[in-house]
Amino acid sequence: MTDHQAEGAGSAPAPTVFFLSDSTGITAETLGNTLLTQFPGQRLERRTIPFITTIEQAREVVAVIDKVAASGPVPIIFSTAVGQNIRAVLSQSRGQFFDLFGTHIGELEKTLGSAANGKPGQAHGVGDAVRYQSRMAAVEYAIEHDDGQSLRALERAELILIAPSRCGKTPTTMYLALQHGILAANFPLVEEDFEVLALPKPLLPFADKCFGLTSQPVRLSQIRQERRPGSSYASLNQCTFELRNAEDMYRANNIPYVNSASMSVEEISATVLQRMQRLHGSSVTD
């Protein structure tokens, strides 16, 4: 699987960043992109190559990287390949190789006093069957309880996100479920809720599990315009009204909340977990 992404514009060719892995490539992308955020003005083209599990496949990848190197800037390579033989082949390419796994594994072996097992796919595989099943159950729960579709077993929720439409409820609950195994529901705030500034009636018994999201009116209007262009739902006045009243509701009911306008889903999720753990101890954990 590959994913090309160009950032910015310019006449000079952009360096290609390769994310290489003997598993899904998610870890290589996450760690590599985290480092690259420190260079926000840099144009880059990104390419992910997962499931490099044989020496022959590694050599084919090296050939691809060398071809790119021959016709443009030196490629940047972030690798989380576990196998030493695979890593040795990949490091021979003409790109700048960053070994995100091998750089640290030796020191960890010394510190822990035991050898690494050298098996790929541990970060995103099903090695921990119990944890994997809990994450899948959390995803199913999030889907069932998306946007207030179901009130069944709401008492099982560890977290209930509330917000006006299009403030990021669904992606945040899905991320919390998939990445952390959190039983998260989300519930929309509608016109009748703003009239009384009280929590929606089904949520009253679970106020201590609620967390609010808000946004910036202009940003929310832009997002809604993509969904319903020219509608009152997407108007700046309506967005301003809903966000103002949502924040009043949060304050009136002692609901913690965060402005999600300029935050990624990862940042929103981390903030929610941190705030809820601070308020309730270990009631929301990963």
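## Some thoughts on the sheet that holds strand β4 (residues 96-99)
Either a parallel or an antiparallel arrangement is found when strands of a sheet pair, and the pairing is made through backbone hydrogen bonds. Ordered by their spatial adjacency, four strands build an open sheet running β2-β1-β3-β4, and the pairing between neighbours is parallel. The strands lining the two open edges of the sheet, one partner per strand, are β2 (45-49) and β4. Ignoring strand direction, the axes of neighbouring strands in this sheet form an average angle of 20°. Inspection of the sheet shows strand β3 (residues 76-79) paired to β4 by four bridges, in the parallel sense.

## Points about the sheet that holds strand β6 (residues 184-188)
Within the open sheet, the four strands sit side by side as β6-β5-β7-β8. Their pairing is parallel. Looking at which strands have only one partner, the edges of the open sheet turn out to be β6 and β8 (257-259). The mean angle between the axes of side-by-side strands here comes to 25°, regardless of whether they run parallel or antiparallel. Strand direction decides the pairing type here: strand β5 (residues 159-163) and strand β7 (residues 210-214), joined by three bridges, are parallel. Bridge assignment links Leu-161 to a residue of β7, and that residue is Phe-211. Against the sheet, helix α9 (residues 236-252) makes contact with β5, β7 and β8, and its axis sits at roughly 155° relative to β7, the strand it touches most.

## Some remarks on the packing of helix α8 (residues 217-227) against α9
At their nearest, the axes of α8 and α9 sit 8 Å apart, and the two run at 125° to each other. In terms of orientation, α8 lies oblique with respect to α9. Regarding α8 and α9, the two cross each other, and that crossing is right-handed. On the side of α8, the interface is formed by Pro-217, Val-218, Leu-220, Ser-221 and Arg-224, while α9 contributes Leu-236, Gln-238, Cys-239, Thr-240, Glu-242 and Leu-243. Among the residues forming the contact of α8 with α9, the class breakdown is six nonpolar, three polar and two charged.

What counts, and at which threshold
- Residues numbered from 1 in each chain as written.
- Predicted model: local features only at pLDDT ≥ 70, side-chain atom pairs only at ≥ 80, totals over all residues.
- Heavy atoms only, no water.
- Pairing = 2+ DSSP bridges.
- Helix = DSSP H or I, 4+ residues; strand = E, 2+ residues; numbered from the N terminus.
- Axes fitted to C-alpha atoms, helices over the stretch in contact; angles between N-to-C directions.
- Contact = heavy atoms within 4.5 Å.
- Parallel < 35°, antiparallel > 145°, perpendicular 65-115°, else oblique.
- Left-handed = near helix turned anticlockwise from the far one by under 90°.
- Nonpolar A, V, L, I, M, F, W, Y, C, P; charged D, E, K, R; others polar.

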